[in-house]
Amino acid sequence: MKIKLRDLIMAGAVLFLGFLAYSNFQNRPQKWQATNCYEKIQYQLTKDGKKGNRYRWKLQFKNNYDRLITFNYGITEDEDSYLTNQRKTLQAHQTSEPVEIYTNQQKFYVLVDGLSFEVSGQPTEPCDTE
């Protein structure tokens, strides 16, 4: 039984396309998730490979409120750390541009607090979960 060159090329093409489909599946964005504090602020993560030993991610936020919001956010790999050191402002129903973040582990936490309906950030609203 002879194997034809055409058959080898076809098998190689199928394997290559399968590999591409699998790698694209791995880098698809996760579903939108409510934040730890406010259910109308959602976030989405997309795995974006590695840089050295660190994992690279794209993080986006979505404002599901009917008005402008400002809030604090932070990323932590330590579940006992609650530091939010970044600030974001979004118009009503706006989705943010992706922010590139780096982590040492694949498991980490996206924290949000300090929601305000004013550009100044004051006054802040309590968490929905309180």
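This text follows the structure it describes.
Residues numbered from 1 in each chain as written. Predicted model: local features only at pLDDT ≥ 70, side-chain atom pairs only at ≥ 80, totals over all residues. Heavy atoms only, no water.

Help me get a handle on the sheet that holds strand β4 (residues 69-76), residues and values and all.
Taken in spatial order, the three strands make up an open sheet running β5-β4-β7, and their pairing is antiparallel. At either margin of the open sheet sits one strand with a lone partner, and together these are β5 (86-90) and β7 (109-116). Sheet twist, expressed as the mean angle between neighbouring strand axes with direction ignored, is 30°. Two strands pair when backbone bridges link them, and β4 and β5 are joined in this way by five bridges, in the antiparallel orientation. Following the sheet pairing, Thr70 is matched in β5 by Thr89. (Pairing = 2+ DSSP bridges. Helix = DSSP H or I, 4+ residues; strand = E, 2+ residues; numbered from the N terminus. Axes fitted to C-alpha atoms, helices over the stretch in contact; angles between N-to-C directions.)

How would you summarise the sheet that holds strand β6 (residues 99-103) if you had to cite specific residues and measurements?
Spatially, β1-β2-β3-β6 is the arrangement adopted by the four strands of the open sheet, whose pairing is antiparallel. Of all the strands in the sheet, just β1 (33-34) and β6 have a single pairing partner and so form its edges.

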